[in-house]
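# Structural description and commentary
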Amino acid sequence: MAPKHVAIVGCGFAGTSAFYQIVDQYPVEELTIFERSGVFGPGYPYRPEDCPDYLLNNTTDSLCLTPRNRRAFYTWLQSRPEYGPDLDPRGNLPRRVFGEFLSEAFEAARLMAAVKGIKVTLVPKEATVMEEHPDGRVRIGWDGGETTVDAALLTTGRCTDVDPFPAPPEDANATYIANHICTDAFDTVGLDATVHILGASLSSYDVINRLFSAETGCRFTEAEDGNLTFEPGPNNRHVVLCSRSGRLKALQSQKPMDIQRTHFTPEGLTPASGTEQASLADVAAAILQEAEDHGVTLSASALTDPYAGCADAEAVNSRAGQLLDQAIAASTEEGRPNFLVDLFSDAQIDLWDGWASDLLRTDSKAQYRSKFETAFLSYSAPCPLSTARRLQALHKAGRLTVRNGTKEVYWSEAEHAYHLGHAHGVDIVQTLVNTTGSLVRDLTSNQQPPLVQSLVSAGLLGAPAGENAPGAAVDMETFRSKLARNIYVANMMLWGPGFFTSSAFMMALVVERVLTGLFALEPVTASS
């Protein structure tokens, strides 16, 4: 029987997508929606009040709410007078604009639910307890109440309270910013500060954009060749970008290649016998063959170790500048295809489904996690061209330095500063920003939020099979917890049994697959 009462736990992007899709397509009578922040719709990274210098890493024409319309955000923007028909579909707008879209989508779903007679209860609290009765119904508790539903969908986001680094003492002349979202902490960073940023993700790029925003008095002037020149004005800040790999992001293609895959496919990676699984060597060979078929030459050694031969920190930083120049050229110049970005974008669903169906051997999955995931993410989660050009201008002006091999970070009482180790020395740090994320994929960690701890202790959520496997064990076709009957997962815990994706399309597709399995029905269109 189709569930009559469904709970959605967490209402950022995934929760809003689930709310909209359920109301639009499925026969439900009641929905209970939880959101700890009390702000339903935009979610953690898309708050409408947040910094305008934080840009969407997906292009305007690829952000959606349902997988059947990948241009929904772009279409919505075209109806707004401040954007209009001349909007660049391959551009990258501030994250908070997408938050406005999600807020409107949430309210539209509430209106549609009222029209259809679907009861919607909003709980602006954190769900802390979840239990499953023998009949399969799910009890959810929070501070001040509880409810029982037919099925629960976990669409929670990051553990924003998790922080591995200590704050400096109150009397220290040092600054530590643990969370760059919705904070005024950057107002205390002096215009002559040297800022060390932990992590080289798109979040770290957001922080750099903020530290060198127009409000600080600096400017980026565009030359005829499209490159930018940094004009500092009163802004004398320096940024040191620190990560284990030192990798910088590839860029989104301005003119994506027409990819015709024949080797890097589920069929191409599956041996003729159909009984063996692929190894990482098989995957690498398939990628190199695809490149050759498309007239592209790839250097496997350069991809796996971009800083090979760099004897000191200065050489690493110089190589980083060269790699940034090459990435911008690959994204923009004719005859310099951004092949890996376009390949992984084209293969996105096959990659997810191939991983989910255990196309790759277990030992190869572990090897990928430990050695190659960061390299893959630099191409599968590329950055906007506008951001890369700013990084290039800052690097050429000596305002951006790249460190690799980041090691232990600790507070030194003797020097009243942080010590940050890297591959070629130790930096003494007065201003530290952590962008390494706040997701804990180890289900046994005491840093997990109360709800996850409750599910684990009740035996309703467990880790995937395999040593040190991260995330939650789910049926990767329906995304139901393997230890429960009616508890489904559509959040970052899937990036354990699956692989990381920052694509709105992929998460909307996960939600669609959850709902198709949950209701055991073909989706019903609103018109029918």
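These notes cover the structure that comes with them. What you see is a predicted model, and the numbers here were worked out from it, not measured in a lab.

Reading the values: the criteria
- Residues numbered from 1 in each chain as written.
- Predicted model: local features only at pLDDT ≥ 70, side-chain atom pairs only at ≥ 80, totals over all residues.
- Heavy atoms only, no water.
- Pairing = 2+ DSSP bridges.
- Helix = DSSP H or I, 4+ residues; strand = E, 2+ residues; numbered from the N terminus.
- Axes fitted to C-alpha atoms, helices over the stretch in contact; angles between N-to-C directions.
- Parallel < 35°, antiparallel > 145°, perpendicular 65-115°, else oblique.
- Contact = heavy atoms within 4.5 Å.
- Nonpolar A, V, L, I, M, F, W, Y, C, P; charged D, E, K, R; others polar.
- 1 Å grid on protein atoms, 1.4 Å probe; cavity = no way out; pocket = protein on both sides within 12 Å on 5 of 7 lines; lining within 4 Å.
- Points joined across faces, edges and corners; volume = space filled by probe spheres on them.
- Expected span 1.5 Å × (residues − 1).
- Buried < 20%, exposed > 50% of the residue type's maximum accessible area, 1.4 Å probe, protein only.
- Core = buried A, V, L, I, M, F, W, Y, C linked by side-chain atoms within 4.5 Å.

### Quick look at the sheet that holds strand E14 (residues 409-412)
- Across the sheet, which stays open at both edges, the three strands sit in the order E14-E15-E16 with antiparallel pairing between neighbours. Edge positions in the sheet fall to E14 and strand E16 (425-429), since each of these pairs with one other strand and no more. The mean inter-strand angle of the sheet, taken between neighbouring strand axes irrespective of direction, is 30°.
- Sheet analysis places strand E15 (residues 417-422) next to E16, joined by five bridges and oriented antiparallel. For Leu 420, the partnering residue across the bridge sits in E16 and is Asp 427.

### Comments concerning the sheet that holds strand E8 (residues 175-177)
- As summarised here, the arrangement of the five strands in space is E8-E17-E9-E12-E13, forming an open sheet in which the pairing is parallel. Of all the strands in the sheet, the pair left with one neighbour each is E8 and strand E13 (400-403). Neighbour-to-neighbour, the strand axes of the sheet open up by a mean angle of 20°, direction not taken into account.
- Pairing geometry for strand E12 (residues 238-242) and E13, over four bridges, is parallel.

### Observations concerning the packing of helix H9 (residues 339-346) against helix H11 (residues 362-380)
- At a minimum axis separation of 8 Å, H9 and H11 run at an interaxial angle of 90°. Viewed along their axes, H9 and H11 adopt a mutual orientation that is roughly perpendicular. Along the contact surface, H9 presents Leu 340, Val 341 and Phe 344, while H11 presents Phe 376, Tyr 379 and Ser 380.
- The residue inventory of the contact of H9 with H11, partitioned by class, reads five nonpolar, one polar and no charged.

### What about empty space enclosed by the protein?
- Here the structure, examined in full by the defined rule, presents one cavity of 30 Å³ or more.
- Roughly 50 Å³ of volume is contained in the largest cavity.
- Considering every element that reaches the lining of the largest cavity, the biggest residue donor is helix H4 (residues 202-211), with four residues.
- A class-by-class count of the residues in the lining of the largest cavity yields four nonpolar, three polar and two charged.

### Quick look at helix H14 (residues 504-519)
- Between its first and last C-alpha atoms H14 spans 23 Å; for 16 residues at 1.5 Å apiece the expected length is 22 Å, and the two agree.
- Summarising burial for H14: 13 of the 16 residues are buried, a large majority.
- Within two residues after H14, Ala 520 carries a phi angle of roughly 50°, on the positive side.

### Looking at the nonpolar core
- Counting 103 residues, the largest nonpolar core has Phe 13, Phe 73, Phe 98, Met 130, Ile 140, Phe 264 and Trp 352 as its most contacted members.
- If you tally residues by element for this core, the top one is H14, at twelve residues.
- Setting aside chain neighbours within four positions, we find Phe 98 in contact with Phe 13, Tyr 46, Leu 56, Leu 63, Cys 64 and Phe 73.

### With respect to the environment of Glu 477
- By the element assignment, Glu 477 lies in the loop between helix H13 (450-457) and strand E18 (487-489).
- Classification of Glu 477 by relative accessible area gives exposed; the value is 65%.

### A few points about the pairing of strand E4 (residues 127-132)
- Relative to strand E5 (residues 138-142), E4 runs antiparallel, the two sharing five bridges. Across the sheet, Ala 127 pairs through a bridge with Trp 142, a residue of E5.
- Count of turn residues in the E4/E5 antiparallel hairpin: five residues, of which Gly 136 carries a positive phi of about 95°.

The values are spatial; any link to function lies outside them.
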